Amino acid sequence: MIVRRLTPKDLSAFRALWADGLMRVPQAFLFSAEEVRAFPNKDVERGLEVNLTLGVFDASRRLVGFVSARRGGPKRMQHMADIGPLYVRADSQRQGYGRALMEALLQQLVDAGIQQAELCVDVDNRGAQELYQSLGFHVFGRRPRSVVIDGVPRDDFLMIKALDGSDLMRGA
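This one's a predicted model, so the numbers in the text were calculated from it and none came from an experiment.

Colleague: Provide a residue-level description of the pairing of strand β5 (residues 116-122), including the pertinent values.
Modeller: The buried fraction of β5 amounts to six of the seven residues, a majority that puts the element mostly inside the structure. Here four bridges tie strand β4 (residues 80-88) to β5, and the two strands are oriented parallel to one another. Looking across to β5, one finds that Ala81 is bridged to Ala117. Following the backbone out of β4, through helix α4 (residues 97-111) and into the adjacent parallel β5, one traces a crossover that is right-handed.

Colleague: So what's going on with helix α1 (residues 11-24)? Which residues, and what values?
Modeller: The end-to-end C-alpha distance of α1 is 20 Å, a good match for the 20 Å that 14 residues give at a rise of 1.5 Å each. Every buried residue of α1 is accounted for by Leu11, Phe14, Arg15, Leu17, Trp18, Asp20, Gly21 and Leu22.

Colleague: Outline the nonpolar core, supporting the account with residue identities and numerical values.
Modeller: Of all hydrophobic cores here, the largest spans 29 residues; its most connected members are Ile83, Met102, Leu105, Leu109, Tyr132 and Phe137. The set of elements that each furnish at least two residues to this core consists of β2 (52-57), β3 (63-71), β4, α4, β5, α5 (126-134) and β7 (152-162). Among the elements that make up this core, the one with the highest residue count is α4 (six residues). Among residues more than four places away in sequence, those in contact with Phe137 are Ile83, Met102, Leu106, Ala117, Leu119, Tyr132, Met159, Ile160 and Lys161.

Rules used throughout
- Residues numbered from 1 in each chain as written.
- Predicted model: local features only at pLDDT ≥ 70, side-chain atom pairs only at ≥ 80, totals over all residues.
- Heavy atoms only, no water.
- Buried < 20%, exposed > 50% of the residue type's maximum accessible area, 1.4 Å probe, protein only.
- Helix = DSSP H or I, 4+ residues; strand = E, 2+ residues; numbered from the N terminus.
- Pairing = 2+ DSSP bridges.
- Right-handed = clockwise from strand over helix to strand, strands pointing away.
- Expected span 1.5 Å × (residues − 1).
- Core = buried A, V, L, I, M, F, W, Y, C linked by side-chain atoms within 4.5 Å.
- Contact = heavy atoms within 4.5 Å.

Listed below in structure tokens is the structure:
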């Protein structure tokens, strides 16, 4: 298994895997398949350059998963990063790829001086919740109707992890 930052050279494989994820688990993504198809390649390439997007490759060098993180934009929010989405191909799940992606991502965020990481996860996605909790994330809220897919509202749990050793859940 190889985990590395994705670059514009990975555009084709990244878009294909993103499309697979949108087809299989649309509730795991903010954008719809139609919106993603409408993104020009140059915009997706720019996203790969600006955001921290890691990919994981199997033994045959096939991209089987990815995760992204975005540092807070305004100066007052640059101590934090928003993680997501995380996606691993169905035939590659439960093989440690998601954990490897998250561990590598969290280490890169720590190395960049990020103090806390936050993410949203569908309330019905128990597997992802268990992974995030095992990595030290804690639920700190629930966002009703976080996304509406084909007219059906989906709720998300909001999760957080301190990357600097702070106890963010004290008093929660």
